[in-house]
Number of protein chains: 10
Amino acid sequence: MTKTDVSGLSQLGQNTAQPTSPEEAQLERVPAGHAGTDYVVRFTAPEFTSICPMTGQPDFAHIVIDYIPGDWLVESKSLKLYLHSFRNHGAFHEDCTIDIAKRLVDLLAPKWLRIGAYWYPRGGIPIDVFWQTGPAPEGVWIPDQGVATYRGRG
Amino acid sequence: MTKTDVSGLSQLGQNTAQPTSPEEAQLERVPAGHAGTDYVVRFTAPEFTSICPMTGQPDFAHIVIDYIPGDWLVESKSLKLYLHSFRNHGAFHEDCTIDIAKRLVDLLAPKWLRIGAYWYPRGGIPIDVFWQTGPAPEGVWIPDQGVATYRGRG
Amino acid sequence: MTKTDVSGLSQLGQNTAQPTSPEEAQLERVPAGHAGTDYVVRFTAPEFTSICPMTGQPDFAHIVIDYIPGDWLVESKSLKLYLHSFRNHGAFHEDCTIDIAKRLVDLLAPKWLRIGAYWYPRGGIPIDVFWQTGPAPEGVWIPDQGVATYRGRG
Amino acid sequence: MTKTDVSGLSQLGQNTAQPTSPEEAQLERVPAGHAGTDYVVRFTAPEFTSICPMTGQPDFAHIVIDYIPGDWLVESKSLKLYLHSFRNHGAFHEDCTIDIAKRLVDLLAPKWLRIGAYWYPRGGIPIDVFWQTGPAPEGVWIPDQGVATYRGRG
Amino acid sequence: MTKTDVSGLSQLGQNTAQPTSPEEAQLERVPAGHAGTDYVVRFTAPEFTSICPMTGQPDFAHIVIDYIPGDWLVESKSLKLYLHSFRNHGAFHEDCTIDIAKRLVDLLAPKWLRIGAYWYPRGGIPIDVFWQTGPAPEGVWIPDQGVATYRGRG
Amino acid sequence: MTKTDVSGLSQLGQNTAQPTSPEEAQLERVPAGHAGTDYVVRFTAPEFTSICPMTGQPDFAHIVIDYIPGDWLVESKSLKLYLHSFRNHGAFHEDCTIDIAKRLVDLLAPKWLRIGAYWYPRGGIPIDVFWQTGPAPEGVWIPDQGVATYRGRG
Amino acid sequence: MTKTDVSGLSQLGQNTAQPTSPEEAQLERVPAGHAGTDYVVRFTAPEFTSICPMTGQPDFAHIVIDYIPGDWLVESKSLKLYLHSFRNHGAFHEDCTIDIAKRLVDLLAPKWLRIGAYWYPRGGIPIDVFWQTGPAPEGVWIPDQGVATYRGRG
Amino acid sequence: MTKTDVSGLSQLGQNTAQPTSPEEAQLERVPAGHAGTDYVVRFTAPEFTSICPMTGQPDFAHIVIDYIPGDWLVESKSLKLYLHSFRNHGAFHEDCTIDIAKRLVDLLAPKWLRIGAYWYPRGGIPIDVFWQTGPAPEGVWIPDQGVATYRGRG
Amino acid sequence: MTKTDVSGLSQLGQNTAQPTSPEEAQLERVPAGHAGTDYVVRFTAPEFTSICPMTGQPDFAHIVIDYIPGDWLVESKSLKLYLHSFRNHGAFHEDCTIDIAKRLVDLLAPKWLRIGAYWYPRGGIPIDVFWQTGPAPEGVWIPDQGVATYRGRG
Amino acid sequence: MTKTDVSGLSQLGQNTAQPTSPEEAQLERVPAGHAGTDYVVRFTAPEFTSICPMTGQPDFAHIVIDYIPGDWLVESKSLKLYLHSFRNHGAFHEDCTIDIAKRLVDLLAPKWLRIGAYWYPRGGIPIDVFWQTGPAPEGVWIPDQGVATYRGRG
Ligand SMILES: [Ca+2]
Ligand SMILES: [Ca+2]
Ligand SMILES: [Ca+2]
Ligand SMILES: [Ca+2]
Ligand SMILES: [Ca+2]
Ligand SMILES: [Ca+2]
Ligand SMILES: [Ca+2]
Ligand SMILES: [Ca+2]
Ligand SMILES: [Ca+2]
Ligand SMILES: [Ca+2]
Ligand SMILES: [Ca+2]
Ligand SMILES: [Ca+2]
Ligand SMILES: [Ca+2]
Ligand SMILES: [Ca+2]
Ligand SMILES: [Ca+2]
Ligand SMILES: [Ca+2]
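Residues numbered from 1 in each chain as written. Chains lettered and ligands numbered in written order. Predicted model: local features only at pLDDT ≥ 70, side-chain atom pairs only at ≥ 80, totals over all residues. Heavy atoms only, no water.

### Here's the deal with the interface of chain D and chain G
Point 1. Listed as interface residues are 32 residues of chain D and, on the opposing side, 31 residues of chain G.
Point 2. Where chain D abuts chain G, roughly 2600 Å² becomes buried across the two surfaces, and 64% of that area is made up of carbon and sulfur atoms.
Point 3. In terms of surface lost to chain G, no three residues of chain D exceed I125, F130 and T149 of chain D, which account for 25% of the buried area on that side.
Point 4. Our count for the contact surface shared by chain D and chain G stands at zero salt bridges.
Point 5. Counting across the chain D and chain G interface gives four residue pairs in polar contact (both at pLDDT 80 or more).
Point 6. Among the elements that make up the side of chain D that touches chain G, the one with the highest residue count is strand β6 (residues 127-132) of chain D (six residues).
Point 7. In the side of chain D that touches chain G, the residues fall into 15 nonpolar, nine polar and eight charged.
Point 8. Bridge count between β6 of chain D and strand β2 (residues 40-51) of chain G: four bridges; the pairing is antiparallel. Paired with I127 of chain D across the two strands is F43 of chain G, which belongs to β2 of chain G. (Contact = heavy atoms within 4.5 Å. Buried area = accessible area lost by both parts, 1.4 Å probe. Salt bridge = Lys/Arg side-chain N within 4 Å of Asp/Glu carboxyl O. Polar contact = N/O pair within 3.5 Å; in protein donor to acceptor, adjacent residues only side chain to side chain. Helix = DSSP H or I, 4+ residues; strand = E, 2+ residues; numbered from the N terminus. Nonpolar A, V, L, I, M, F, W, Y, C, P; charged D, E, K, R; others polar. Pairing = 2+ DSSP bridges.)

Dropping the structure here:
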């Protein structure tokens, strides 16, 4: 049975203060087991919120991240705190989405990563943003993110 | 963190009169960040209506637009106003759908764009129109639009 | 174990010609077992069609009938043939629905009966018709018919 | 078999101009058959639009009307044209909904009527308006309108 | 913590031969705990099949049984075997459904019982049968059986 | 803005008699605009009925047709009348479905066409028939027809 | 046609700063038309977030408010701003929910009001809070809020 | 219009005894029309039952079969009787599924065939079996079978 | 703003050992605020497991508890640990469900409480258990638990 | 008709003690029939639970396993007991999932295998783990696992 090495972590199992900006947040990683095995890890974060940079009004999104680990796994508590840190951060939908994905790519050097950000409607029209680092490695299984298209009322 | 240049816009953050025809509507654009990154932006517009050119009766559609930005992003408020401007415009379903897509293509010169228009039934039989500028660039992630097929009653 | 008396039937287990009008159709009945027991029988007929009396064009409906037997059960093959007999019959939605229900009431003298007719949309607006002979007898269990409301597209 | 008297109608089977305001629209009625029978007629209108009186922007609603006829049925083509006539009419959601219902009550003197208006979200928060003329007569069957609650994304 | 007395059972925890008819099947009971407490037990049996008494062809049903125990609970393994025993039994839908319910009523003398039998379509029209022993005791909670109405295709 | 040439049509905008057989029905076409543009047109017909050639009993189907126009569009009123003309026509499910598709192929010489016919169950087992003229041209977008598989009850 | 008096409002049609706490937020009202008519107004707010008073971590809820107006309607823009103002407010789920409802009751003196707050899961177990001012007036139509119960995964 | 040759059939339009084992059942075929046309025929059989070879207890499955005809179509009544003949047959899920498929392959020599068998849970864990004769011929349209994955309760 | 008194709690904010049986588990309570206000608190526990007392095999259930507080609220961390404590406890479904409810009734003396336990299928037939302490107090709003009925496969 | 050789099994048809750890559990296999036939067997296990190695609290998952047999089938009762054996086993989600898959790979030497593990949320963010042994053999049919993405509330 496999055992993950958690010796390098500073936040797991601690009472940790909420980071107040994405820059301040500490995104942490642990060594990935099963080194020769290309599997997918999916995080689903339906509790994401940031600020509209033009109006100061809150924006909301449902975010799903899929990745194939290289040498590292993201530690899930630090990911949660990182996503919370956008709470008072102002950014356009397209920029905010791509910035989150690129921070993870910098930290993890994954074999592959994609992000789907499903923003709540403004003006009756929601924006979705979809990005992946490139085509998935051949032969790896990556299910649909399965978030329904916006459909108004009725 | 990325910052979008909005200096060239005339409608965002303004009180803007409703344009009364597609020709009058000003569809605007901003420079796209993340220049080397091929991601998809999806707009979902469930509140679309126009006029039947034969009978003058209202038509309704649910419209979804996906595109991969080149140098430009469409500014979302101007897109909303543009879609509103079809309110008193008469056109066949097929023409109207393709006209919207082509106006966006002219403005944005996107790497790729598609439109799905799901029209309300007339005579018991709805029409859907689907178009894309061509095959998507390899390795870009573009989810299904996920709008359910018409199914009558029962 | 209960055994139904089928001696009075003329169509069941026979090759029977399709009746060509509601008047011609023979709706048959068998004696109901479990005489002192008030239970509900539901027939669901999603394959109903008739003719518009103004234009001659076909109309379609999904029909659900619930009843509490008195002394009689409707024989299900004869009910099927009766519903088929509207195929070339012209009638308004409200009339057609109530006529079906009243024919069953005349045949069966049920303790209670209701009909829900869910017509396909014409001009963008479907008509549903709901009728019951009166309040249900106390203490009898009658579930919802559970046909979804029409919702257009998107 | 029942036959509806359509002699008093002016619009059915005619090419009829679109009315341009609710005041101008002619809502018509026909005598109801099955006089002693209390049944429910449901109209589902997912294609309703009006104008916001403060901003001039379009509003959308999905409207469902249920009624128990007294001496009159509303003629369905005239109802369609009446609902279309709100297209350039400005009104608050609450007023618009109740006004439609009261116009039908004045025309039909129904035994009972209710309206459910499910407006599209503005500012992230939709408004629904529900009204009925009073408790339904005892023993009449009136199914749920079955329109889903708004739920945002994700 | 409550402990059920299973001393009177002959089939539970045994390898038991399949009964070949409803008459042969041994439906067993255990004393109910919580004597003064009126709660509902629901069994859902989507694996039910019997034989058409006219044609010898198989029929299928989805059956849901709710009851409020008096002094007895039905033992669930014996219920399963009893339902299996209809596999080669011929009966009309209405009779078969009511017979099952009455056998349980005879065994258990429940405070209340109902059965919903949702038969697969024959001739395009399925039959549902609903029965309860009488109105439920006041103040007992009995949720919907929640089986969808048949709707054909599309 | 594009304008469709309707000069060759004989039925549109006319009161047209219902054709009484597929042979008699006049399926009409108009020249397609946007000659160099490969888009998909979908017709959804949940109101289809024909006759079983062995027993004379009615059959029902939900039919969806997708095609990529070449030089011609099918005129939608003539398609509706053509589908209505099967009302008294006897044919096996497989033949009927392929015959409809081939008639359209003969008329339109489309770049591509497919048909999905979802027949209502007979003997507890529905038949679906799926056909396309060949693989779709590369780079054209064609969503799923999205009709649910039959599932019986429960 | 009815006209709402908006003369007493200070925020509608203005650029209004985001209030930073519930205390600071100005909840406004307008006189209700249709004085003798008891109808229900429903607000659905799927974008609600506040702060956990113990941990400082964000909480999320989906909130639905139904009320029957007395002399006043709540102005919807001020309601939106009021709900936004909980963004940095710390409160237990039960307290927060009841506080929102009571603030509306104080402002509007409605004939009746209820609130449903559906909080996101913590520790695998979500909490819902439901409150109403008392039984609804007789004969008023108040549909279910229709928010699905939490169901975990799978 | 196409006409199927049914001269070689022995069961269609006859009263036919139920076969009592798969070996005894007569699976019949008719010549396929549209010889050069590769289309798919789907049979959906939610009414399948067999016997566990270890315990003698009944098993249930929902079975979907897709095939592309070569020179032959399976006659649907004989297919129904063949599936019924497993009623008293004992076999493991994997064997039973593959045996059905191979019998059809032997009879029809189809261009391609697949079977999906969705068995009801035993021990809390259902087994699904999926097989096809090989990759589908290029350019043939074969929709998903669309049967939901099992998910237990809640 | 209301403040809950947490001074009597021994487990909240502590690292607490998992209790190994229901008897050992400490279910705790806090004083309820809003003494004169009848509202409902719902706990949803899709992560419940216990042991079959006859075979030692694991059982699973999805459990939903609703109550109207009297003087006490159950502390949610202690409830979680209490439910976890059934992990190695053997009990029949009916007993286990009622025992959980009664332990809460003893601790809280609520104005009203109900429990719905939706057990995973055994032998193809799941058991649901529903209980409430009595009819709900008049005028309190208690939505459906909304857990779907079991339906097998297909 | 095919017959599986079960002579090598030690647990099937026996009363078998629950294994208390994955190491202790005996995962068994039988020879696969239909040797030259590449089909897929799917096991769906919504009743999985293990222990968090950091906190000792229970974790839950919904697990789906698909494989193409080589010379061996896994015996389903032994698979059930193996999955039960994680009940008191502590492991991270990623490790636990991959360990299960690799144990099956070691036992069966399948032509291909994949596992999808859908863990219940912790800290608002669930983790899914997806792995397959490599690309599926060409021409084998492997449907989606079809487990819905997590979506929070509302
Ligand atoms: Ca909207
Ligand atoms: Ca709609
Ligand atoms: Ca229509
Ligand atoms: Ca897909
Ligand atoms: Ca209900
Ligand atoms: Ca919104
Ligand atoms: Ca929505
Ligand atoms: Ca959500
Ligand atoms: Ca049938
Ligand atoms: Ca249908
Ligand atoms: Ca089923
Ligand atoms: Ca959680
Ligand atoms: Ca309801
Ligand atoms: Ca089971
Ligand atoms: Ca579950
Ligand atoms: Ca798929």
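Alright, that's what it looks like, and here's the rest.
### What about the interface of chain E and chain C?
In many analyses, interface size is given as the accessible surface area lost on bringing the parts together.
Point 1. Facing the 32 residues of chain E at the interface are 31 residues of chain C.
Point 2. The interface formed by chain E and chain C includes zero salt bridges.
Point 3. It is strand β6 (residues 127-132) of chain E that contributes the most residues to the side of chain E that touches chain C, six residues altogether.
Point 4. Partitioning the side of chain E that touches chain C into residue classes produces 15 nonpolar, nine polar and eight charged.

### Some thoughts on the UniProt feature "active site" (unreviewed entry) in chain A
Residues and elements named next belong to chain A.
Point 1. Per the UniProt entry, the sites bearing "active site" (unreviewed entry) are C52 and D59 in this numbering.
Point 2. Within the element layout of this structure, C52 appears in the loop between β2 (40-51) and β3 (58-68).
Point 3. For C52, the residues in contact, after removing those within four places along its chain, are Q57 and D59.
Point 4. Mapping D59 onto the fold places it in strand β3.
Point 5. In contact with D59, not counting residues within four places along its chain, are F48, T49, S50, I51, C52, H93, W119 and R122. (UniProt positions renumbered as here; feature names shortened; annotations may be inferred.)

### A few points about the environment of P69 of chain F
All names here are of chain F.
Point 1. Of note, P69 is situated in the loop between β3 (58-68) and β4 (72-74).
Point 2. Looking at P69, the relative accessible area reads 4%, which means it is buried.
Point 3. Separated by 75 residues in the primary sequence, P69 and D144 have C-alpha atoms spaced 18 Å apart. (Buried < 20%, exposed > 50% of the residue type's maximum accessible area, 1.4 Å probe, protein only.)

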